[in-house]
Amino acid sequence: MDFLVLFLFYLASVVMGLVLICVCSKTHSLKGLARGGAQIFSCIIPECLQRAMHRLLHYLFHTRNHTFIVLHLVLQGMVYTEYTWEVFGYCQELQFSLYYLLLPYLLLVVNLFSFTLTCVTNPGIITKANELLFLHVYEFDEVMFPKNVRCSTCDLRKPARSKHCSVCNWCVHRFDHHCVWVNNCIGAWNIRYFLIYLLTLTASAATVAIVSTTFLIHLVVMSDLYQETYVDDLGHLHVMDTVFLIQYLFLTFPRIVFMLGFVVVLSFLLGGYLCFTLYLAATNQTTNEWYRGDWAWCQRCPLVAPPPSAEPQVHRNIHSHGLRSNLQEIFLPAFPCHGRKKQE
């Protein structure tokens, strides 16, 4: 049973890492890596299995579905069940501060609330009714967002900073990205909830990791395990080293060590993405704009020679007006009078 829990935790960790990196970042180097990997696997995997895998990936990442929402809740439930069942009880016996032990639950409540709001809030869907209102919210830079451009799918005039989401099949005001973990686009009207969700999710994973690590260290210190000795296979006496100590803890508290490994990996992944998201918020950029601007920079790189007839068009962030104003725009967005409609 313990090995099954280990497998589920680390498989989920790998899945979350791949999705966070591949879906949220969307860099060209990763796309090239994915294409190269697909070419290699095409020579190994049978064609029928490739088609089945293609259909599965298309369903998971290119259609609206609740798969990752369910996976998210299952993983969160597994972590908090183990935390409550073993770590919380052991820490109470060791007389840890109750406020310290209850902090992960407080973060969980805030996280689930912001998670729900991110899922159900209208991200800023552009319709015929509010199209003209959105056209006057942001200035067109004539490089990344030129004037008088119509969406080929929605047949609507595209406001500055908007983008058509191929998964949801609608244009979104101040489009950031489509997040499979909330089954919704991240746009002007739910980016604030997404930031709180990401912040509390990172904090809760880090807090569980810190409490679990503190418990294990406290246990080692109280039992004087680091002063013990052991005999190896050759009969030689050794002082307890770190590797042997970790092995001992692994055999004594397998589920706690499994969970600790999972939340530590998750904390680093989420922490990196949180820093990137906070950077975008502080500079008033979206993931879509950063991605397109980064590719424009690559095209101006001397290693990537542009066509001789092409005129260089330098993208400049015209929407950043200082840290305070940028954050205010995210947490207090402007709502057109026709815009407060429930998402269908």
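Residues numbered from 1 in each chain as written. Predicted model: local features only at pLDDT ≥ 70, side-chain atom pairs only at ≥ 80, totals over all residues. Heavy atoms only, no water.

## Here's the deal with empty space enclosed by the protein
Inspection of the entire model under this criterion finds four cavities of 30 Å³ or more. Taken together, 13 residues form the lining of the largest cavity, with Leu75, Gln76, Val79, Leu201 and Leu266 sitting closest to its centre. Considering every element that reaches the lining of the largest cavity, the biggest residue donor is helix α4 (residues 67–93), with five residues. For the lining of the largest cavity, a count of residues per class yields ten nonpolar, three polar and no charged. (1 Å grid on protein atoms, 1.4 Å probe; cavity = no way out; pocket = protein on both sides within 12 Å on 5 of 7 lines; lining within 4 Å. Points joined across faces, edges and corners; volume = space filled by probe spheres on them. Helix = DSSP H or I, 4+ residues; strand = E, 2+ residues; numbered from the N terminus. Nonpolar A, V, L, I, M, F, W, Y, C, P; charged D, E, K, R; others polar.)

## Description of α4
Between its terminal C-alpha atoms α4 stretches 39 Å, which fits the 39 Å expected from 27 residues at 1.5 Å a residue. Taking the largest bend as the criterion, α4 deviates by roughly 40 degrees, centred on Thr84. Positioned one or two residues after α4, Gln95 has a phi angle of 60 degrees, which is positive. (Expected span 1.5 Å × (residues − 1). Bend = angle between axes of the 7 residues up to and from the residue.)

## Things to note about the UniProt feature "transmembrane region" (unreviewed entry) in the protein chain
Under the UniProt annotation, the feature "transmembrane region" (unreviewed entry) is placed at residues 6–25, 59–79, 99–120, 194–222 and 258–282. Across residues 59–79, helical content stands at 81% and strand content at 0%; the span's end C-alpha atoms are separated by 27 Å. Along residues 99–120 one finds 100% helix and 0% strand; the C-alpha atoms at either end are 32 Å apart. (UniProt positions renumbered as here; feature names shortened; annotations may be inferred.)

## A closer look at the packing of α4 against helix α5 (residues 98–120)
Any two packed helices are characterised by the angle at which their axes cross and by the distance between the axes. For the pair α4 and α5, the least separation of the axes is 11 Å and the interaxial angle reads 170 degrees. Our classification of the angle between α4 and α5 gives roughly antiparallel. Contacts between α4 and α5 involve Ile69, His72, Leu73, Gln76, Tyr80, Tyr83, Thr84, Phe88, Cys91 and Gln92 from the first element and Leu98, Leu101, Leu102, Pro104, Tyr105, Leu108, Asn111, Leu112, Phe115 and Cys119 from the second. Among the residues forming the contact of α4 with α5, the class breakdown is 15 nonpolar, five polar and no charged. (Axes fitted to C-alpha atoms, helices over the stretch in contact; angles between N-to-C directions. Parallel < 35°, antiparallel > 145°, perpendicular 65-115°, else oblique. Contact = heavy atoms within 4.5 Å.)

## Quick notes on unusual backbone geometry
Despite not being glycine, Asn148 shows a phi value in the positive range, around 55 degrees. Mapped onto the elements, Asn148 comes out in the loop between α6 (131–134) and β1 (163–165). On the basis of relative accessibility, which here comes to 63%, the residue Asn148 falls in the exposed class. A positive phi angle, close to 50 degrees, is found at Arg174, a residue other than glycine. Position of Arg174 among the secondary structure elements: in the loop between β2 (170–172) and β3 (177–179). The buried category is assigned to Arg174, whose relative accessible area is 4%. (Buried < 20%, exposed > 50% of the residue type's maximum accessible area, 1.4 Å probe, protein only.)

## Digging into the packing of aromatic side chains
All told, the structure shown has 17 aromatic pairs when counted by the stated rule. On the basis of an interplanar angle of 75 degrees and a centroid distance of 5.7 Å, the ring pair of Phe215 and Phe253 is categorised as edge-to-face. With Phe215 in helix α7 (residues 191–223) and Phe253 in the loop between α8 (242–252) and α9 (254–282), this pair connects stretches of sequence that are 38 residues apart. Given a relative accessible area of 2%, Phe215 falls into the buried group. Grouped by ring-pair contacts, the aromatic residues Tyr80, Tyr83, Phe88 and Tyr105 constitute a single cluster. Its guanidinium or amino end placed over the ring of Phe145, Arg292 lies 5.3 Å from that ring's centre, counting from NZ or CZ. (Phe/Tyr/Trp six-rings, centres within 6.5 Å; stacked < 30°, edge-to-face > 60°. Lys NZ or Arg CZ within 6 Å of the ring centre and 35° of its normal.)

## Thoughts on the environment of Ala188
If you trace the backbone, Ala188 turns up in the loop between β4 (184–186) and α7. When the C-alpha positions of Ala188 and Ala334 are compared, they lie 8.6 Å apart, and in sequence the two are 146 residues distant. Contact partners of Ala188, with chain neighbours within four places excluded, come to Pro123, His173, Arg174 and Pro333.

## Points about the nonpolar core
Within the largest apolar cluster, 48 residues are counted, with the highest numbers of intra-cluster contacts made by Tyr83, Phe194 and Val263. The set of elements that each furnish at least two residues to this core consists of α4, α5, α7, α8 and α9. In this structure Val263 touches Val79, Ala205, Val208 and Ala209, once residues within four positions along its chain are discounted. (Core = buried A, V, L, I, M, F, W, Y, C linked by side-chain atoms within 4.5 Å.)

## Some thoughts on the side chain of Ser204
Topologically, Ser204 is positioned in helix α7. Not counting residues within four places of it along the chain, the set of residues in contact with Ser204 comprises Tyr80 and Leu107.

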